[in-house]
Amino acid sequence: MRFSILGPVQMIVPSGNGVSLAAPRHRAFLAYLLLHADRVVTPRQMVEALWGGAEPHSARTQIHVVVSQLRRALREHGVEDLIDTQPGGYRLVLGENELDAKIFDREMAAARNDADRREWAGSASRLRTALGMWRGQALAEITAPYAESTRYRLHEERLNAYELLAESELELGRHDMLISGLRRLVEEHPSRERLVCHLMLAQYRAGRRTEALETARRARTLLVEEHGLDPGARLTLLEKAILNADASLDLRREAVRAAPAHDTGQAVQPPAATHMAIVTPAQLPLDQRDFIGRDLELARLSALAAAGNGLSLVLVTGMAGVGKTALVVHWAHRHRDRFRDGQLYVDLRGFDPARAPATPLDVLGRFLRALGVPPGAIPDEVDEAAALFRSRLSDRRVLIVLDNAHDAEQVRPLLAGSPDCAVLITSRTQLRPLLAREGVRLLELDPLAPDEAHDLLRAILGERIDDGTALAVRDLARHCSYLPLALRLAAAQLACQRHLTVAGYTGQMAACDPLSVLDSRGADDEGVSLAFSLSYRALGGSARRLFRLLSLVPGPDFAPPVAAALLGEAPAGVRRPLDELQSAHLITGHRPGRFLMHDLLRNYATTCLTEETTAERTAAARRLVDFYAQTVFDAYPLLQPRRSEGTRDRVQPPVEPLLFAERTAALDWHDQEREHLVGVVELAAEQGWHRCASELAADLMAYLNIRRRWSDWLAVLRIGRACAEKTGNVAAMAQLENAFGIVHKQTGQYAAARKHYVQAIELATMAGRDRMVAAFRVNLGGLCINEGDFDASVRYLRAGLASPTYGQRPQYACAGYINLGCALLELERYAEAVEALQTALDLSLEVDDIQHVCLAHHNLAEVALRRGDRAVALHHAGRQLELAVELGDPLRTAAARDQYASALAPVDLPAARDHWRAAYQVYQDLGHGLAGVLAEWLRVLDGFHDAAELAAADDAHRRHARRML
């Protein structure tokens, strides 16, 4: 079994024929999973890929349906368990040779390696295999938004393969057989100069010199007339060599040598250099013996260095200590045979604690001397020295490594002009002018992957590592934030202290600031803090202040409005300092609209916070707390229409509040800030802002109840209750006790829930809050249903609904009527139950309370199921499922799938089973007790012999499940 995307999206069956699975939308989904094989793809990624920001409300539901139908289609062709449901999304598992695009990439990479070693026959063979994978336009018939950019990328790789194949065949002397194919490719892609040059050389070697010159003329005309561009150096030099019948073209060489500027029509020769010796410099520093990992980055660097026509320019950037120099030097050693005329290296000292950055003139002098230019012949002016440097490289293949660059102006004079040279630059900053003007290609380096960091420590520490220390080694790598500099410093400290165990050293890092441990035994010029400080001190004042204040953020990442709150500005005012921090790699843009500060950098920022006065630090912390508290307060009505009344404690409200136009945006913001919100409640409590902390803990109920973040909710409630007790606010205490009851009820801890509900009613009564008393009685009545005391439930519910401040206000009464309908349903008073539930549905729709609309449909579906009305049950259960997915409530979604499966089972048991499996997965992810119930149900599901037996068992299953919701 094999899949194909390099053409129509199909499954290739053993006979070799292609089979198109399901509908186009399903093939688009399958193709996206194939492109991301062996990785978990989240629903959000799928929605963006398939709809591109214009998704319907039911997008996530449609994805679940597509997965189910796609699995069924695969099963029909004998393929099982290809698509795994994983926490957070789906993963498609592929073998090594089961996707044509993977085979193409593998053969292409191997062909490049063969070409680098001048093994042309192997390169050509592999390229023919790679190109044989193609069966037309990639992703044919796929119109989803992601397809066009992917199709373009794959198309570019195909053309790169054709170009490398032509080069390999030319080196093998097969120019005659190339001409017709190359002519067709050039007609299709006339602006690709590399293809044009290959065709010209093939024509020339085949004795068709006139045709070769005509090919060059057509290419020049096209570039000038249609694009306003002059031909590149490669084409120009080759054309001149053909005009001169240069004998070197008959040789199987990798490049055409340029004619001197004073060409007289003779064969191309190197510039006269009677007074300058031809020298082959080899200046690369020592490669790290224990260089580990970075396979993807090395492959990417190879691709960037080989891409395009003309001079290869690649900039490797990343934070201090991330291993930029090590990567580039390692790559340079591996590929030095590609640069037969030598390798030049210089440390530009862009960020050096003791020395000023190297000047371009000084570097040019070093390079020219290394290339054989006598000291007396080196010009004193930068422009003249740069021109001589380019001239010395004009007919040579040289690798130039410009390490630790400070800015673009330092680098520009050091760039070669020869199309056969390559320049690798490293810098802590992004050197954006070079990207914009010189077309430098960018490779941004992140810290090592956890496994790579672990392997690096094992390689350095050697016998100090065994199976018993494996966990400690992984902890050590984590405390070092997987940063190569920190990992090597830690390993060096361990190596120098034989009495210190890995576990002991890791314990020191866990007990205090890891940065201080790393710096404590290092040399003054090698510490991690010193490396960070050089980047920090190079910032402007506003960026430096933002960097140190960001250490106050209680979470791993942040968005621009948070930065604005810290500085007390509008978001527009922080764009420049954020851009400066990102360019210096002190923060990283790791998701759209969000930035990440690595742990060690955060530790360093905390040390810099001492540059702020105590008053300034306190004011910034309060601005941060008030920003989060105000945003949660303003978003509450979008999540549910029952926000508690009254003003909130604000001292430093945001200059420009963050407001959301619709519910999804508010929910997404809470999701992204969830970890921070818990931390902000803790921060407010630590600072003694007790009223603010208790209010924020209460206001978070809307979000935490939807997402069922029970552990986070309990943590927030404990802090909020303690703060409310310190302020003596009885009403706030009542509200928080009620929230405790809700959490315990949802997690099946009914005795604890009853205790909190009773306490909440007593406190609300003491505070004289009639509406609260009624609401909490309704919650207690709902608990009685779970406990099986339906008559008591009805009494509590009717008492709550009788309160005018509760029963006559739709946003509150809808909950009471839903619980009343549930109790009546369990008492088998179905007509009364439908009346109560219909009232609840109408009230919920009136106030746009999606959560309770969903609950009303759930219970109306249950009434219909018990009455045997499958059509009505399917209507309500289907509507409930749509709303649950839209709501983003995982517990509701699981319950909706469970119930929808019950309504669907009599007519489509396989589809029902898929819904039950999906529900089980959600319950499992939540850690809910219903996961076990559904697991047992799925185990016995296929054992029922007829529809009546299945219906009876399902009725018992549903009744049991309802008691646990």
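Residues numbered from 1 in each chain as written. Predicted model: local features only at pLDDT ≥ 70, side-chain atom pairs only at ≥ 80, totals over all residues. Heavy atoms only, no water.

1. Observations concerning the overall build of the chain
For step 1, the next point in the chain: Scanning the chain from terminus to terminus reveals 44 helices and 14 strands.
For step 2, the next point in the chain: With respect to the three principal axes, the spread of C-alpha positions in the chain is 110 × 70 × 60 Å.
For step 3, the next point in the chain: Expressed as a percentage of its 965 residues, the buried residues of the chain come to 54%.
For step 4, the next point in the chain: Looking at the chain alone, contacts between residues at least 24 apart form 67% of all its contacts between residues at least 6 apart.
For step 5, the next point in the chain: Element-wise, carbon and sulfur atoms account for 50% of the exposed surface of the chain, whose accessible area totals about 40500 Å².
For step 6, the next point in the chain: In the chain, 113 positive and 123 negative side-chain charges are present, and the distance between their average locations comes to 1 Å. (Helix = DSSP H or I, 4+ residues; strand = E, 2+ residues; numbered from the N terminus. Buried < 20%, exposed > 50% of the residue type's maximum accessible area, 1.4 Å probe, protein only. Contact = heavy atoms within 4.5 Å. Areas by Shrake-Rupley, 256 points an atom, 1.4 Å probe, with all protein chains shown as cover. Lys, Arg positive; Asp, Glu negative; His and termini not counted. Charge placed at Lys NZ, Arg CZ, Asp CG, Glu CD.)

2. Observations concerning a negative patch on the surface
For step 1, the next point in the chain: A surface patch of like charges, here negative, comprises Asp-380, Glu-381, Asp-383 and Glu-384.
For step 2, the next point in the chain: Its location among the elements puts Asp-380 in the loop between α13 (360-370) and α14 (382-392). (Patch = residues over 30% accessible without salt bridge, like charges linked within 9 Å, V, L, I, M, F, W, Y side chains within 5 Å. Salt bridge = Lys/Arg side-chain N within 4 Å of Asp/Glu carboxyl O.)

3. Observations regarding the sheet that holds strand β14 (residues 594-596)
Pairing between sheet strands relies on hydrogen bonds along the backbone, with the strands arranged either parallel or antiparallel.
For step 1, the next point in the chain: An order of β12-β14-β13 is seen for the 3 strands of this open sheet, with the pairing classed as antiparallel. Only two strands of the sheet have a single partner each, and these edge strands are β12 (557-558) and β13 (588-591).
For step 2, the next point in the chain: The pairing of β12 with β14 spans 2 bridges and is antiparallel. Looking at β14, one finds that Phe-558 is bridged to Phe-595. (Pairing = 2+ DSSP bridges.)

4. Here's the deal with the packing of aromatic side chains
For step 1, the next point in the chain: If you walk through the whole model with that rule in mind, you get 15 aromatic pairs.
For step 2, the next point in the chain: Between the aromatic rings of Tyr-536 and Phe-547, the centroid separation amounts to 5.4 Å while the plane-to-plane angle is 45°, which identifies the pairing as tilted. Of the two residues, Tyr-536 sits in helix α22 (residues 528-537) while Phe-547 sits in helix α23 (residues 541-549), which places them 11 residues apart along the sequence. Like Tyr-536, the residue Phe-547 is buried in the burial classification.
For step 3, the next point in the chain: A network of ring pairs unites the aromatic residues Phe-532, Tyr-536, Phe-547 and Tyr-604 as a single cluster.
For step 4, the next point in the chain: Between the NZ or CZ atom of Arg-771 and the centre of the ring of Tyr-812, over which it lies, the distance is 4.4 Å. (Phe/Tyr/Trp six-rings, centres within 6.5 Å; stacked < 30°, edge-to-face > 60°. Lys NZ or Arg CZ within 6 Å of the ring centre and 35° of its normal.)

5. Quick word on the environment of Val-423
For step 1, the next point in the chain: Note that Val-423 resides in strand β10 (residues 422-427).
For step 2, the next point in the chain: Given the relative accessible area of 0%, Val-423 is considered buried.
For step 3, the next point in the chain: For Val-423 and Ala-903, which are 480 residues apart along the polypeptide, the C-alpha to C-alpha distance reads 66 Å.
For step 4, the next point in the chain: When near neighbours in sequence (up to four residues on either side) are disregarded, Val-423 contacts Leu-311, Ser-312, Leu-313, Val-314, Ile-400, Leu-402, Leu-415 and Ala-416.

6. A short note on the nonpolar core
For step 1, the next point in the chain: In terms of nonpolar packing, the biggest core is built from 207 residues, with Leu-518, Phe-532, Phe-547 and Tyr-923 touching the most fellow members.
For step 2, the next point in the chain: If you look at the next biggest cluster of nonpolar residues, it comprises 58 residues, including Leu-21, Leu-34, Leu-99 and Trp-120. (Core = buried A, V, L, I, M, F, W, Y, C linked by side-chain atoms within 4.5 Å.)

7. Quick word on the sheet that holds strand β4 (residues 40-41)
For step 1, the next point in the chain: The strand order across the open sheet built from 3 strands is β4-β6-β5, with neighbouring strands paired in antiparallel fashion. Each of the sheet's edge strands pairs with one partner strand only, and the pair in question is β4 and β5 (83-86).
For step 2, the next point in the chain: Here β4 pairs with strand β6 (residues 89-92) via 2 bridges, running antiparallel. Looking across to β6, one finds that Val-40 is bridged to Arg-91.
For step 3, the next point in the chain: On the sheet, helix α1 (residues 24-35) packs against β4, β5 and β6 and is oriented at approximately 75° with respect to β6.
For step 4, the next point in the chain: Packed onto the sheet, helix α3 (residues 59-76) meets β5 and β6 and runs at close to 145° relative to β5. (Axes fitted to C-alpha atoms, helices over the stretch in contact; angles between N-to-C directions.)

8. Quick look at helix α5 (residues 120-131)
Structurally, the α-helix is built with 3.6 residues per turn, so residues lying three or four positions apart point the same way.
For step 1, the next point in the chain: The end-to-end C-alpha distance of α5 is 16 Å, a good match for the 16 Å that 12 residues give at a rise of 1.5 Å each.
For step 2, the next point in the chain: The inward-facing, buried residues of α5 abut α4 (100-116) and α6 (145-171). (Expected span 1.5 Å × (residues − 1).)

9. Observations regarding helix α40 (residues 870-887)
For step 1, the next point in the chain: Here α40 contains 18 residues, and its C-alpha end-to-end distance of 25 Å stays within 8% of the 26 Å for a straight helix at 1.5 Å per residue.
For step 2, the next point in the chain: Listed in full, the buried residues belonging to α40 are Ala-873, His-876, Ala-877, Gly-878, Gln-880, Leu-881, Leu-883, Ala-884, Val-885 and Leu-887.
For step 3, the next point in the chain: Close packing links the buried residues of α40 with α3, α28 (663-686), α30 (701-707), α39 (850-867), α41 (890-904) and α42 (909-926).
For step 4, the next point in the chain: One or two steps after α40, the chain reaches Gly-888, where phi turns positive at roughly 80°.

10. Structural notes on the confidence of the model for the chain
For step 1, the next point in the chain: Confidence in the prediction of the chain, expressed as mean pLDDT, is 87, and 95% of residues score 70 or more.
For step 2, the next point in the chain: No element of the chain has a lower mean pLDDT than strand β3 (residues 18-19), which averages 76, and none a higher one than helix α33 (residues 750-767), which averages 96.
For step 3, the next point in the chain: Predicted confidence for residues 252-278 stays below pLDDT 50, and this span has 52 contacts to residues more than four positions away or in other chains. (pLDDT = per-residue confidence, 0-100.)

11. As for the pattern of salt bridges
For step 1, the next point in the chain: A full pass over the atoms with the stated rule returns 62 salt bridges.
For step 2, the next point in the chain: Salt-bridge contacts for Arg-217 lead to Glu-214; the nearest nitrogen and oxygen are separated by 2.4 Å. With a gap of 3 residues between them, Arg-217 and Glu-214 both fall in helix α9 (residues 209-227), about one helical turn apart.
For step 3, the next point in the chain: Judged by its relative accessible area of 42%, Arg-217 is partly exposed.

12. Considerations on the packing of helix α29 (residues 690-699) against helix α31 (residues 710-727)
For step 1, the next point in the chain: Between α29 and α31, the shortest axis-to-axis distance is 8 Å and the interhelical angle comes to 140°. As the angle between them shows, α29 and α31 are arranged oblique. Where α29 crosses over α31, the two elements pack in a sense that is left-handed. Across from His-690, Arg-691, Ala-693, Ser-694 and Ala-697 in α29, the residues of α31 making contact are Val-716, Gly-720, Cys-723, Ala-724, Lys-726 and Thr-727. (Parallel < 35°, antiparallel > 145°, perpendicular 65-115°, else oblique. Left-handed = near helix turned anticlockwise from the far one by under 90°.)

13. Observations concerning the side chain of Arg-192
For step 1, the next point in the chain: Mapping Arg-192 onto the fold places it in the loop between α7 (175-188) and α8 (193-205).
For step 2, the next point in the chain: A relative accessible area of 17% means that Arg-192 is categorised as buried.

14. Some thoughts on the packing of helix α24 (residues 560-567) against helix α27 (residues 614-639)
For step 1, the next point in the chain: Where α24 meets α27, the axes come as close as 7 Å, and the angle between the chain directions of the two elements is 140°. As far as their axial angle goes, α27 and α24 are oblique. Between α24 and α27 lies a crossing of right-handed hand. For the pair formed by α24 and α27, the contact residues are Pro-561, Val-562, Ala-565, Leu-566 and Leu-567 on the first element and Ala-620, Arg-623, Leu-624, Phe-627 and Tyr-628 on the second.
For step 2, the next point in the chain: Broken down by class, the residue content of the contact of α24 with α27 amounts to 9 nonpolar, no polar and 1 charged. (Nonpolar A, V, L, I, M, F, W, Y, C, P; charged D, E, K, R; others polar.)

15. Here's the deal with unusual backbone geometry
For step 1, the next point in the chain: With phi around 75°, Glu-141 is a residue other than glycine that occupies positive phi space.
For step 2, the next point in the chain: With respect to the helices and strands, Glu-141 occurs in the loop between α5 and α6.
For step 3, the next point in the chain: Backbone geometry places Ser-481, a non-glycine residue, at a positive phi of 55°.
For step 4, the next point in the chain: For Ser-481, the position within the fold is in the loop between α18 (470-479) and α19 (484-496).

16. A closer look at the pairing of strand β7 (residues 312-317)
For step 1, the next point in the chain: The element β7 is extensively covered by neighbouring structure, given that 6 of its 6 residues are classed as buried.
For step 2, the next point in the chain: Side chains Ser-312, Val-314 and Val-316 of β7 all project onto a buried face; the interleaved residues Leu-313, Leu-315 and Thr-317 project onto the opposite face, where all are buried too.
For step 3, the next point in the chain: Sheet topology places β7 next to β10; 6 bridges connect them, and they run parallel. Bridge assignment links Val-314 to a residue of β10, and that residue is Leu-424.
For step 4, the next point in the chain: Two elements, β7 and strand β11 (residues 441-444), share 4 bridges in a ladder whose sense is parallel. By the bridge assignment, Val-316 is partnered in β11 with Leu-443.

17. Some points on the pairing of strand β9 (residues 399-405)
For step 1, the next point in the chain: Along β9, 7 of the 7 residues are buried, which leaves the element largely enclosed by surrounding structure.
For step 2, the next point in the chain: Looking at chain direction, strand β8 (residues 343-347) and β9 are connected through 5 bridges and run parallel. Each bridged residue has a counterpart across the sheet, and for Leu-344 the counterpart in β9 is Ile-400.
For step 3, the next point in the chain: In this sheet, β10 lies alongside β9 in parallel orientation, the contact comprising 5 bridges. The residue bridging Ile-400 from the neighbouring strand is Val-423, located in β10.

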